[in-house]
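Reading the structure
For reference, the chains in residue letters:
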Amino acid sequence: MTWTAPEAKRIPGSLVAGEREMLTGYLGWFRSTLLQKCAGLTGEQLAERTVPPSNLTLLGLLRHMAKVERTWFRERFAGQRLDPMYDLAQGKDADFEDLDPARAADDYARLVEECRLADAVVADASLDDTFTHNGELFSLRLVHVHMIAEYARHIGHADLVRERLDGVTGD
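Residues numbered from 1 in each chain as written. Predicted model: local features only at pLDDT ≥ 70, side-chain atom pairs only at ≥ 80, totals over all residues. Heavy atoms only, no water.

The name given to the protein in an unreviewed UniProt entry is DinB family protein, with Streptomyces sp. 900116325 as the source organism.

Pasting the structure below:
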């Protein structure tokens, strides 16, 4: 049986919430929007490059965002020492380049799990909590803003890739 990406329910963030709820709510909305862009597609479709010469694929975007979630929340903010998610010998773009449609279900599940783990490490933290990366001080608030921007940029890419795949456009 061929795996297809499941439907994803988007839960909108509040328009009037306090800062923490608004940031986490919109991050959740963008996370689920990326998953929604993949809904109903097979691993082969998710791995298809539809906008040459770009290496962008929906599967690559899922893999990339799993890496970004892990990097910013668990490694940088929480200081966890974790093995690289992708083979460093494949280069810095292994998340986009080393695609295997047969692993699409695992890659999809990895993003979902990284989001869950990210939420867990910040659950009791303050948005004012900080960490140092490359000699600069960052707040958890900035990480949320950065992640929302990262998802927003890549959802635009996902819209284009999906439309080229099967004509489905975003809203």
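**Some details on the nonpolar core**
Counting residues in hydrophobic clusters, the biggest one holds 47 residues, and the most contacted among them are Leu34, Leu46, Leu58, Leu62, Leu111, Met147 and Tyr151. Elements that contribute at least two residues to this core include exactly α1 (19-38), α3 (58-77), α4 (94-97), α5 (104-122) and α6 (140-166). Top contributing element to this core by residue count: α3, with ten residues. Those residues in contact with Leu111 that sit more than four places away from it in its chain are Leu34, Leu35, Leu62, Met65, Ala66, Glu69 and Tyr151. (Core = buried A, V, L, I, M, F, W, Y, C linked by side-chain atoms within 4.5 Å. Buried < 20%, exposed > 50% of the residue type's maximum accessible area, 1.4 Å probe, protein only. Helix = DSSP H or I, 4+ residues; strand = E, 2+ residues; numbered from the N terminus. Contact = heavy atoms within 4.5 Å.)

**What about unusual backbone geometry?**
The omega torsion of the bond from Pro52 to Pro53 falls at 10 degrees, within 30 degrees of zero and hence cis. Phi is positive for Asn134, close to 50 degrees, though the residue is something other than glycine. You can see Asn134 is positioned in the loop between β1 (130-133) and β2 (136-139). Asn134 sits in the exposed class, given a relative accessible area of 68%.

**Quick notes on the packing of α1 against α5**
With their axes 11 Å apart at the nearest point, α1 and α5 run at an angle of 175 degrees to one another. In terms of orientation, α1 and α5 fall into the roughly antiparallel class. Between α1 and α5, the contacting residues are Arg20, Arg31, Leu34 and Leu35 on the first element and Tyr108, Leu111, Val112, Cys115, Ala118, Asp119 and Val122 on the second. Class assignment for the residues of the contact of α1 with α5 results in eight nonpolar, no polar and three charged. (Axes fitted to C-alpha atoms, helices over the stretch in contact; angles between N-to-C directions. Parallel < 35°, antiparallel > 145°, perpendicular 65-115°, else oblique. Nonpolar A, V, L, I, M, F, W, Y, C, P; charged D, E, K, R; others polar.)

**A few points about α5**
The terminal C-alpha atoms of α5 lie 27 Å apart, and with 19 residues this matches the ideal 27 Å at 1.5 Å per residue to within 8%. Looking only at α5, the buried set comprises Ala104, Asp107, Tyr108, Leu111, Glu114, Cys115, Ala118 and Val122. Relative to the axis of α5, the buried residues are bounded by an arc of 120 degrees and lie together on one face. On its buried face, α5 sits against α1, α2 (43-46), α3 and α6. (Expected span 1.5 Å × (residues − 1). Arc of directions from axis to C-beta.)

**A word on the pattern of salt bridges**
Evaluated as defined, the whole model comprises 15 salt bridges. As a salt-bridge pair, Lys92 and Asp93 come within 3.9 Å of each other at their nearest N and O atoms. Two residues, Arg103 and Asp100, come together in a salt bridge whose shortest N-O distance is 3.9 Å. Note on Arg103: relative accessible area 30%, which makes it partly exposed. The class of Asp100 is partly exposed, set by a relative accessible area of 27%. Several salt bridges share partner residues, and in doing so they unite Glu19, Asp128 and Arg141 into one network. (Salt bridge = Lys/Arg side-chain N within 4 Å of Asp/Glu carboxyl O.)

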